[in-house]
Amino acid sequence: MTDIVRKDTNARLSRIVIHGDTVYVAGVTSAAAGGITAQTRDALTKIDGYLAAAGTDKSRLLSVQIWLADIDRDFAGMNAVWAEWALPDAMPTRATCEAKLAAPELLVEIIVTAAKRPGYVSGPVSES
């Protein structure tokens, strides 16, 4: 068995990579209607699911990168949703930057790294 597990893999990326006790989740976006609030909430809900699939949760976050299409317009709205979702006693390191995202309707992309829960067995080496 290898020490790297890849989940939800396609021709360009693995959505989740587990190496040792560290879980890496690729950039998560949303095209939900409703602007930055809706897209941030949807992306964070997706992240909850990816973390669960990897045997962890947001209480184990280590690092987060948040990319906004327009930081001046959307920083406060994204932060309001973040404040509802993030656990005050388990804040990760975080960076927020502005970037041109892959499609004009995308307002936010979020990348997370987390620690696995103790005792979690990662399963097969690759899942699609």
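Residues numbered from 1 in each chain as written. Predicted model: local features only at pLDDT ≥ 70, side-chain atom pairs only at ≥ 80, totals over all residues. Heavy atoms only, no water.

- By the naming in an unreviewed UniProt entry, the chain goes by RidA family protein and is assigned to Achromobacter seleniivolatilans.

## Topic: the overall build of the chain
- Helix and strand counts for the chain come out as two helices and six strands.
- In the chain, the order of α-helices and β-strands from amino to carboxyl end is β-β-β-α-β-α-β-β.
- If one aligns the C-alpha atoms of the chain with their principal axes, the spans along those axes are about 45 × 35 × 20 Å.
- Relative to its 128 residues, the chain shows a buried fraction of 39%.
- Sequence separation of 24 or more characterises 73% of the internal contacts of the chain that already satisfy a separation of 6 or more.
- Just so you have it, the chain exposes about 6,800 Å², and 55% of that area is on carbon and sulfur atoms. (Helix = DSSP H or I, 4+ residues; strand = E, 2+ residues; numbered from the N terminus. Buried < 20%, exposed > 50% of the residue type's maximum accessible area, 1.4 Å probe, protein only. Contact = heavy atoms within 4.5 Å. Areas by Shrake-Rupley, 256 points an atom, 1.4 Å probe, with all protein chains shown as cover.)

## Some details on helix α2 (residues 71-85)
- When the terminal C-alpha atoms of α2 are compared, their 19 Å separation across 15 residues agrees well with the 21 Å that a helix rising 1.5 Å per residue should span.
- Turning to α2, its buried residues are Asp74, Gly77, Met78, Val81, Trp82 and Trp85.
- Of the surrounding secondary structure, the elements contacted by the buried residues of α2 are α1 (35-53), β4 (61-68) and β5 (93-98). (Expected span 1.5 Å × (residues − 1).)

## What to know about the nonpolar core
- Ile47, Ile66, Trp82, Ile110 and Val112 are the most contacted members of the largest nonpolar core, which has 26 residues in total.
- Counting only elements with at least two residues in this core, the list comes to β2 (14-19), β3 (22-29), α1, β4, α2 and β6 (108-115).
- Sorting elements by how many residues they give to this core places α1 first, with five residues. (Core = buried A, V, L, I, M, F, W, Y, C linked by side-chain atoms within 4.5 Å.)

## Regarding the environment of Ile36
- Tracing the chain through its elements places Ile36 in helix α1.
- Owing to a relative accessible area of 9%, Ile36 belongs among the buried residues under this scheme.
- Distance from Ile36 to Met78, taken between C-alpha atoms, is 6.1 Å for residues 42 residues apart in sequence.
- Filtering out sequence-adjacent residues up to four positions away, Ile36 remains in contact with Leu68, Asp74, Gly77, Met78, Leu107 and Val108.

## Focus on the sheet that holds β4
- Pairing is mixed across the open sheet formed by six strands, whose spatial order is β1-β2-β3-β6-β4-β5. Among the strands making up the open sheet, the edge pair consists of β1 (4-9) and β5. Each strand axis lies, on average, 10° off the axis of its neighbour in the sheet, ignoring direction.
- As judged from the six bridges shared by β3 and β6, these two strands associate in the antiparallel manner. Note that in β6 the partner of Val25 across the bridge is Val112.
- Packing of α1 onto the sheet brings it into contact with β1, β2, β3, β4 and β6, and relative to β6 it is tilted by some 30°. (Pairing = 2+ DSSP bridges. Axes fitted to C-alpha atoms, helices over the stretch in contact; angles between N-to-C directions.)

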